[in-house]
Amino acid sequence: MSVPLPPALDLILPVLRCPACGAGLSPGDGALRCPRRHSFDVARHGYAGLLTGARATSGDDGPMARARRDFLAAGRYAPVRDAVAGLAGDAGPGDRPATVLDVGCGTGYYLAGVLDALPGSVGLGLDTSAHALRVAAKAHARAAAATWDVFRPFPVATEQVDVVLDVFAPRNPAEFHRVLRPGGVLVVVRPFGGHLAELRRQVARMVAVDPDKERRLHDALDPWFEAVRTHEVEYVTPLTRQEALDLVLMTPSARHVTAAELSDDDLPGQVTVSVLATAYRRR
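Conventions adopted
- Residues numbered from 1 in each chain as written.
- Predicted model: local features only at pLDDT ≥ 70, side-chain atom pairs only at ≥ 80, totals over all residues.
- Heavy atoms only, no water.
- Pairing = 2+ DSSP bridges.
- Helix = DSSP H or I, 4+ residues; strand = E, 2+ residues; numbered from the N terminus.
- Axes fitted to C-alpha atoms, helices over the stretch in contact; angles between N-to-C directions.
- Contact = heavy atoms within 4.5 Å.
- Buried < 20%, exposed > 50% of the residue type's maximum accessible area, 1.4 Å probe, protein only.
- Core = buried A, V, L, I, M, F, W, Y, C linked by side-chain atoms within 4.5 Å.
- Phe/Tyr/Trp six-rings, centres within 6.5 Å; stacked < 30°, edge-to-face > 60°.
- Right-handed = clockwise from strand over helix to strand, strands pointing away.
- Polar contact = N/O pair within 3.5 Å; in protein donor to acceptor, adjacent residues only side chain to side chain.
- Disulfide = S-S within 2.5 Å.

Structural notes on the sheet that holds strand β4 (residues 99–103)
Argument step 1. Taken in spatial order, the seven strands line up as β6-β5-β4-β7-β8-β10-β9 in an open sheet, and their pairing is mixed. Every interior strand has two partners, whereas the edge strands, β6 (143–147) and β9 (225–238), have only one. Strand-to-strand, the axes of this sheet are offset by a mean angle of 20°, without reference to chain direction.
Argument step 2. The pairing of strand β5 (residues 122–127) with β6 spans five bridges and is parallel. Bridge assignment links L124 to a residue of β6, and that residue is A144.
Argument step 3. Relative to the sheet, helix α3 (residues 78–88) contacts β7 (161–167), β8 (180–191), β9 and β10 (270–282), its axis offset from that of β9 by approximately 160°.
Argument step 4. Helix α8 (residues 213–221) rests against β8, β9 and β10 of the sheet, and its axis sits at about 165° to β8.

A word on the environment of L111
Argument step 1. In this fold, L111 is placed in helix α4 (residues 109–117).
Argument step 2. The buried category is assigned to L111, whose relative accessible area is 2%.
Argument step 3. With 85 residues separating them in the primary sequence, L111 and S26 have C-alpha atoms 24 Å apart.

Quick look at the nonpolar core
Argument step 1. Membership of the largest hydrophobic core comes to 47 residues, with the highest contact counts inside it found for Y77, L199 and L247.
Argument step 2. Contributing elements (two or more residues each) for this core: α2 (62–73), α3, α4, β7, β8, β9, α9 (241–249) and β10.
Argument step 3. Per element, the largest residue contribution to this core is six residues, and it comes from α3.
Argument step 4. Discounting chain neighbours no more than four positions away, the residues touching Y77 are F71, L72, Y109, Y110, F168, H195, L196, Y235, L247, M250 and V273.
Argument step 5. Counting residues in each nonpolar core, the second largest holds 38 residues, with C18, L50, L51 and V164 among its members.

Focus: unusual backbone geometry
Argument step 1. Despite not being glycine, R37 has its phi angle at roughly 75°, a positive value.
Argument step 2. In this fold, R37 is placed in the loop between β2 (31–33) and β3 (39–41).
Argument step 3. Unlike most non-glycine residues, E159 shows phi in positive territory, near 55°.
Argument step 4. Tracing the backbone shows E159 in the loop between β6 and β7.

Remarks on the packing of aromatic side chains
The way to describe two aromatic rings as a pair is by their centre distance and the angle between their planes.
Argument step 1. All told, the structure shown has five aromatic pairs when counted by the stated rule.
Argument step 2. Here the aromatic rings of F71 and Y77 are separated by 5.1 Å at their centres, their planes lie at 90°, and the arrangement is edge-to-face. Just as F71 is buried, Y77 falls in that class too.
Argument step 3. Geometrically, the ring pair formed by Y109 and Y110 is edge-to-face, given 5.0 Å between the ring centres and 85° between the ring planes.
Argument step 4. Among the aromatic residues, those joined into a ring-pair cluster are F71, Y77, Y109, Y110 and F168.

Quick word on the pairing of β5
Argument step 1. Most of β5 sits inside the fold, with six of its six residues counted as buried.
Argument step 2. Alignment of β4 against β5, held across five bridges, turns out to be parallel. When the bridges of β5 are listed, V100 appears paired with G123.
Argument step 3. Between the parallel elements β4 and β5, the chain passes through α4 in a crossover that is right-handed.
Argument step 4. The handedness of the β5 to β6 crossover, carried by helix α5 (residues 130–136), is right-handed.

Some points on the sheet that holds β2
Argument step 1. In spatial order, the strands read β1-β2-β3; together these three strands make up an open sheet with antiparallel pairing. Either end of the sheet is taken by a strand with one partner, and the two such strands are β1 (26–27) and β3.
Argument step 2. Bridging between β2 and β3 involves three bridges; their strand directions are antiparallel. By the bridge assignment for β3, L32 is matched with F40.

Details of the side chain of T278
Argument step 1. Here T278 lies in strand β10.
Argument step 2. Accessibility expressed as a relative area gives 1% for T278, which makes it buried.
Argument step 3. Among the polar contacts listed, one links the side chain of T278 to the side chain of R190, at a separation of 2.8 Å.
Argument step 4. Apart from residues no more than four positions distant in its own chain, T278 is found in contact with L87, L186, V187, V188, R190, A227, R229 and T230.

Focus on the state of the cysteines
Argument step 1. In total, this model carries zero disulfides according to the counting rule given.
Argument step 2. Residue C18 stays outside any disulfide, its sulfur separated by 3.7 Å from that of C21, the closest cysteine.
Argument step 3. The cysteine C21 is free of any disulfide, with C34 supplying the nearest cysteine sulfur at 3.7 Å.

Note that every value here comes from positions in space, so none of it alone points to a role or purpose.
And the structure:
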């Protein structure tokens, strides 16, 4: 007896492609299969295991994924999610529901916000972390999730995506360009200026904002994309001690500092959020 796919994975299936040969995929007894008999398991948590061969070593571990889930659920980054959803709307109306690809999706927080803002849209979140994908697969009724490495060619058909999201994540501009349809939009979010300055002052091993980040982003995207609109999102939000702890532990800084090393004196009661969110069109 065939095991049905999670509904969201079934919705996104028309744009998925076999990572081994590029053929279309179809469901079969708890897996996705292509005509050449390549097979990819669907985990009991609801995400597809498409990443084969050597595994990527980056991505959230279990504690990082839990910290990310809990911090984002508190709503402290809701203005960032609203900005992402607003820019995603620049893709404009089409003759079919929008398809949204979130690359480096984490727990699916931003993807869910975009799907809420685009009625009838369907989404796919790609990430290397199985821990994060367990949450992302349940983040929204129309959001599917799959393991993938951003630096490999995406298991997605050419010019079939309306919106690509890249929120605090690594980038693959050539693949973003390939999968976006003409008229589609790429939304990139990155920290700038005084982002989390209070935490950085008090937690010595917090990762700093690279002052050269904007130039490197421009150099990477300019051959493929042109910027059409940028939102500067900056505000101060209060934090409980647990929220401050989760905020540290969900970032790359978690690889340098542990919860046991943080005392009450290390964690501020408020923090500045400062990000740039830009919508890009294909060249």
